[in-house]
Amino acid sequence: MLFDWFTVGAQTLNFLVLVWLMKRFLYKPILDAVDAREKRIALALAEAALKQMAAQKERDEFHQKNEDFDRRRNELLGQAKDEASAERQRLQGEARQVADTLRAKKQDALTSELQTLHEDIARRSREEVLAIAQKVLTDLAGTSLEERMCAVFTQRLRELDDAAKAGLAEVLATASNPVRVCSAFVLSAAQRAAIQSALNESFAGDIRIQFDTTPDLISGIELTANGWKLAWNIADFLASLEQRIDGLLKKQSDGQVHADASETAS
């Protein structure tokens, strides 16, 4: 078989032209398209990576914010619980204080009321006792009793102690007015003479005396001289009795009030 170099050359040229044409009009656009696609894919991947990084960052920030929110919420809840506990304790303390104050005021009011009641009872009892005693002693103030009162008073003048006698002597030496003797009843001449004699003997001199009648003394005799006083009368006796009754009733009242207050507190 004969080898035709022209045909081979023509086919080779055709092949080369075909290759050039394919490369020029087929492979290059395909390669360019593949490169462009690869670039688009790379760009898309890069954008996806960036978006993934941004999403990851946002997710981390979100988790961080959630953790901060939970921590802050727990802190606020703990603070609110502490404040609520402190406020509850404060309110309880104020309530206890108010209750203690009201209880103390109630107890003081009850104590004051009981004290007033006992004082009123004591006062009325004292007034009744003194009224009865005064009436009895006034009704008994007859002639024999008055004579005995004068005798007792005269005896007291004769039995003055040294201090009382010195005080009265000093008053008598400086006084310009006479000694004043008051009695609830009219003294007889003998009674006046007895009092005059007792003073003269006690102070070795003639003592000037002014005798007066004073019903307020309630059957008694009183000697006064420039502020100095010597007296014995039923009024003084009743005053002493009143003081003793006051003392006894006050002790009884105080004891009863303390007992009632203790029972109330219990």
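Predicted model only: the values in this text are computed from it and were never measured.

Q: Would you take a moment to explain the overall build of the chain for this structure?
A: Helix and strand content of the chain: five helices and four strands. Put simply, the chain runs from its N terminus to its C terminus through helices and strands in the order α-α-α-β-α-β-β-β-α. Out of the 266 residues in the chain, the part that is buried amounts to 19%. Taking contacts inside the chain between residues at least 6 apart in sequence as the whole, the part at least 24 apart equals 78%. Of the accessible surface of the chain, which amounts to about 19600 Å², a share of 58% is contributed by carbon and sulfur atoms.

Q: How should I be thinking about helix α4 (residues 189-203) in this particular structure?
A: Residue pairs three or four apart in sequence face the same way in an α-helix, which turns once every 3.6 residues. The terminal C-alpha atoms of α4 lie 21 Å apart, and with 15 residues this matches the ideal 21 Å at 1.5 Å per residue to within 8%. Gln191, Ile195, Ala198, Leu199, Ser202 and Phe203 are the residues of α4 that are buried. Along α4, the residues classed as buried sweep out an arc of 110° about the axis, all on the same side. Away from its buried face, by an angle of more than 90 degrees, α4 presents the exposed residues Ala189, Ala190 and Glu201. Downstream of α4 by one or two residues, Ala204 has phi in the positive range, about 50°.

Q: Can you help me understand the side chain of Gln191 in this one?
A: You can see Gln191 is positioned in helix α4. Gln191 sits in the buried class, given a relative accessible area of 11%. In terms of polar contacts, Gln191 uses its side chain to reach the backbone amide nitrogen of Ser188, at 3.0 Å. When sequence neighbours within four positions are dropped, the list of residues in contact with Gln191 reads Glu146, Glu147, Cys150, Phe185 and Val186.

Q: Which parts of the structure should I look at to understand a nonpolar patch on the surface?
A: A cluster of nonpolar side chains, namely Leu13, Val17, Trp20, Leu21 and Phe25, defines an oily patch on the protein surface of about 510 Å² accessible area. Topologically, Leu21 is positioned in helix α1 (residues 5-139).

Q: Would you mind showing me how to read the pattern of salt bridges here?
A: Side-chain pairs of opposite charge can arise whenever the charged atoms involved come near each other. For the structure on display, the rule yields nine salt bridges. One salt bridge in this structure joins Asp68 and Arg71, with 2.7 Å as the shortest N-O distance. Residue Asp68 and its partner Arg71 are both found in helix α1; the two are separated by three residues, about one turn of the helix. Across the pair Arg180 and Asp212 runs a salt bridge, and its minimum N-O distance is 2.6 Å. One end of the pair, Arg180, is in strand β1 (residues 179-183); the other, Asp212, is in strand β2 (residues 209-213), with 32 residues separating them in the sequence. Among the residues examined, Arg180 registers a relative accessible area of 35% and is labelled partly exposed. Owing to a relative accessible area of 21%, Asp212 belongs among the partly exposed residues under this scheme. Several salt bridges share partner residues, and in doing so they unite Glu87, Arg90 and Glu94 into one network.

Q: How should the nonpolar core be read in this particular structure?
A: For soluble globular proteins, nonpolar side chains are generally found buried alongside one another. Membership of the largest hydrophobic core comes to 24 residues, with the highest contact counts inside it found for Leu157, Leu168, Val181, Ile195, Leu199 and Leu223. If you list the elements that add at least two residues to this core, you get α2 (143-158), α3 (162-174), β1, α4, β2, β3 (220-225) and β4 (228-233). Once you skip the residues sitting within four places of it in the chain, Leu168 turns out to touch Leu160, Leu199, Phe203, Leu223, Ala225 and Trp228.

Q: Teacher, can you tell me more about the confidence of the model for the chain here?
A: The predicted structure's coordinates, where accompanied by low pLDDT, should not be read in detail. Looking at the chain as a whole, its pLDDT mean stands at 77, while 76% of the residues score no less than 70. At the level of individual helices and strands, the chain shows its lowest average pLDDT in helix α5 (residues 234-265), which scores 60, and its highest in β2, which scores 88.

Q: I tried to follow the pairing of β1 on my own but got confused; where do I start?
A: Each regular strand carries side chains that alternate between the two faces of the sheet. Most of β1 is tucked away, with four of its five residues classed as buried. Of the strand pairs in this sheet, β1 and β2 are connected by five bridges, and their pairing is parallel. Bridging across to β2, Val179 finds its partner in Ile209. At this point the chain moves from β1, through α4, to the parallel β2, and the crossover so formed is right-handed. As defined by bridge partners, β1 adjoins β3 across four bridges and the pair is classed as antiparallel. Across the sheet, the residue bridging to Ser183 is Ile221, located in β3.

Q: Would you mind showing me how to read the packing of α3 against α4 here?
A: Between α3 and α4, the shortest axis-to-axis distance is 11 Å and the interhelical angle comes to 100°. In terms of orientation, α3 lies roughly perpendicular with respect to α4. In this structure, α3 uses Lys165, Leu168, Ala169 and Leu172 to contact α4, whose residues at the interface are Leu199, Ser202 and Phe203. For the contact of α3 with α4, the class distribution of residues is five nonpolar, one polar and one charged.

Criteria and cut-off values
Here the residue index of a chain counts from 1 through its sequence in written order. Since the coordinates come from a predicted model, pLDDT governs what is reported: local features require at least 70, and pairs of side-chain atoms require 80 or more to be given and counted, while whole-chain, interface and lining totals use all residues. With hydrogens and water excluded, all non-hydrogen atoms of the structure serve as input to the side-chain values. By the criteria applied, helices consist of DSSP H or I runs no shorter than four residues and strands consist of E runs no shorter than two, each listed in order from the N terminus. A 1.4 Å probe rolled over the protein chains alone gives each residue an accessible area, and that area as a share of the maximum for its type sets the label: buried under 20%, exposed over 50%, partly exposed in between. Contacts are residue-level and defined by heavy atoms, with any inter-residue pair within 4.5 Å sufficient. Here the Shrake-Rupley method, with its probe set to 1.4 Å, supplies the accessible areas, and only the displayed protein chains count as covering residues. A helix is expected to span 1.5 Å for every residue after the first. This arc describes the spread of directions from the helix axis toward the C-beta atoms. Pairs of N or O atoms are called polar contacts if they sit within 3.5 Å, as long as, within protein, a hydrogen donor faces a hydrogen acceptor (for residues adjacent in sequence, only side-chain-to-side-chain pairs). In this analysis, a patch consists of residues with relative accessible area above 30% that form no salt bridge, clustered at 9 Å for like charges and at 5 Å for the nonpolar side chains Val, Leu, Ile, Met, Phe, Trp and Tyr. The working definition used for a salt bridge is a side-chain nitrogen of Lys or Arg within 4 Å of a carboxyl oxygen of Asp or Glu. We define a nonpolar core as any set of buried Ala, Val, Leu, Ile, Met, Phe, Trp, Tyr and Cys residues linked to one another through side-chain atoms lying within 4.5 Å. Scored from 0 to 100, pLDDT records how confident the predictor is in each individual residue. DSSP bridges decide pairing: two strands pair if at least two such bridges lie between them. When the strands point away from the viewer, a crossover counts as right-handed if the path from the first strand over the helix to the second runs clockwise. For helices, the fitted axis covers only the stretch in contact; all axes are lines through C-alpha atoms, and the angles between them, taken along N-to-C directions, range from 0 to 180 degrees. When describing relative orientation, an angle under 35 degrees is termed roughly parallel and one over 145 degrees roughly antiparallel, while 65 to 115 degrees is termed roughly perpendicular and anything else oblique. Side-chain classes are defined by residue name, with Ala, Val, Leu, Ile, Met, Phe, Trp, Tyr, Cys and Pro counting as nonpolar, Asp, Glu, Lys and Arg as charged, and the others, Gly among them, as polar.

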